Amino acid sequence: VRETYLERANEAERHNLLRIAVLAQLEMDVPEGAIELAKIKLFLRDGVVHRIGRDLSGRYEYYHLVHPGLGDLLLTAAGYSLEELNQFISEQLRYVARRNPFCGMQIASRLESANRQQEAISILKGIVESDQALVTALIVSGLQYLRINCERFVRFKVLLESEIDKKLVKDHLALRQSVMR
């Protein structure tokens, strides 16, 4: 795996491939805005990375490995120590969550399901650093998920219900647009 995928790629290509590998561990796709497309063309061409559209118009593009199990193999082949690997994984998850708060909520949910609460809290704290990111994270998935996403912030003591209310009221236009979908 190291020879086939990592050694023939430059540093930026490896970094982007390994970011996709990190999300593959959670069986998640990476949103287009969280990778450098030019840096994965080699892997797209070779078929190790696949592109998928998430709506009928193809407006939301995501990328994933040909098989999620390849993620663990790539991360092992990267040669990180355990401490370096944990730090790299954490950095990549936070990066993706910052670039796409909607995906950040999915990451937090998967981490919670995997009993990785501290990592989920870290992701949620990163999302609330920006009021706009929080509103995006809560609203983009649709009102049907608003309650469960708000409950996650409260359950992990990242935000109080009153704080969520204040942030949503500040951006009532986004809330209105979500209702009108």
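Calculation criteria
- Residues numbered from 1 in each chain as written.
- Predicted model: local features only at pLDDT ≥ 70, side-chain atom pairs only at ≥ 80, totals over all residues.
- Heavy atoms only, no water.
- Helix = DSSP H or I, 4+ residues; strand = E, 2+ residues; numbered from the N terminus.
- Contact = heavy atoms within 4.5 Å.
- Areas by Shrake-Rupley, 256 points an atom, 1.4 Å probe, with all protein chains shown as cover.
- Lys, Arg positive; Asp, Glu negative; His and termini not counted.
- Charge placed at Lys NZ, Arg CZ, Asp CG, Glu CD.
- Phe/Tyr/Trp six-rings, centres within 6.5 Å; stacked < 30°, edge-to-face > 60°.
- Buried < 20%, exposed > 50% of the residue type's maximum accessible area, 1.4 Å probe, protein only.
- Lys NZ or Arg CZ within 6 Å of the ring centre and 35° of its normal.
- Core = buried A, V, L, I, M, F, W, Y, C linked by side-chain atoms within 4.5 Å.
- Pairing = 2+ DSSP bridges.
- Salt bridge = Lys/Arg side-chain N within 4 Å of Asp/Glu carboxyl O.

Chemist: Quick rundown of the overall build of the chain? Include the residues and the values.
Modeler: Along the chain, the regular secondary structure elements total eleven helices and three strands. Walking the chain from its N terminus toward its C terminus, one meets helices and strands in the order α-α-β-α-β-β-α-α-α-α-α-α-α-α. Counting only C-alpha atoms, the chain reaches 50 × 40 × 25 Å along its principal axes. Residue pairs at least 24 apart in sequence account for 63% of intrachain contacts in the chain once pairs closer than 6 positions are excluded. Carbon together with sulfur atoms contributes 50% to the accessible area of the chain, which is approximately 10200 Å² in total. Side chains of the chain give 25 positive and 24 negative charges; the mean places of these two sets differ by 4 Å.

Chemist: Summarise the packing of aromatic side chains; cite the residues concerned and give the values.
Modeler: Overall, the coordinates contain one aromatic pair when judged by the stated rule. Centre to centre, the rings of Y80 and F88 are 5.1 Å apart; their planes meet at 25°, and the pair counts as stacked. You can call Y80 partly exposed: its relative accessible area is 30%. Positioned above the aromatic ring of F156 is the side chain of R155, whose terminal nitrogen or guanidinium carbon lies 5.8 Å from the ring centre.

Chemist: Pulling in residues and values, what's your account of the nonpolar core?
Modeler: Counting residues in each nonpolar core, the largest one holds 56 residues, and the members touching the most others are L23, V49, L65, L74, L93, I107 and F153. When residues of this core are assigned to their parent elements, the largest contribution, seven residues, is made by helix α2 (residues 11-25). Residues in contact with L65, not counting those within four places in the same chain, are L17, I20, A21, A24, V48, V49, L70, G71 and L74.

Chemist: Account for the pairing of strand β3 (residues 61-65), naming residues and giving values.
Modeler: Across the five residues of β3, four count as buried, placing the element largely inside the fold. Sheet analysis places strand β1 (residues 30-31) next to β3, joined by two bridges and oriented antiparallel. Following the sheet pairing, V30 is matched in β3 by Y63. In the sheet, strand β2 (residues 49-53) pairs with β3 via five bridges, with the strands oriented antiparallel. The residue of β3 that forms the bridge with V49 is L65.

Chemist: Describe in detail the environment of Y62, supporting the description with residues and values.
Modeler: When you line up the elements, Y62 lands in strand β3. For Y62, a relative accessible area of 7% gives the class buried. Y62 sits 99 residues away from E161 along the chain, and the two C-alpha atoms are 32 Å apart. Ignoring anything within four residues of it in the chain, the contact list for Y62 reads D29, V30, P31, E32, H50, R51, I52, R54, N100 and F102.

Chemist: Before we move on, can you summarise the side chain of R19 with the specific residues and values?
Modeler: Positionally, R19 belongs in helix α2. E36 is the oppositely charged side chain nearest to the buried, salt-bridge-free R19, at an N-O distance of 5.6 Å. Those residues in contact with R19 that lie beyond four places of it in its chain are V30, A34, I35, F88, Q92, Y95 and V96.

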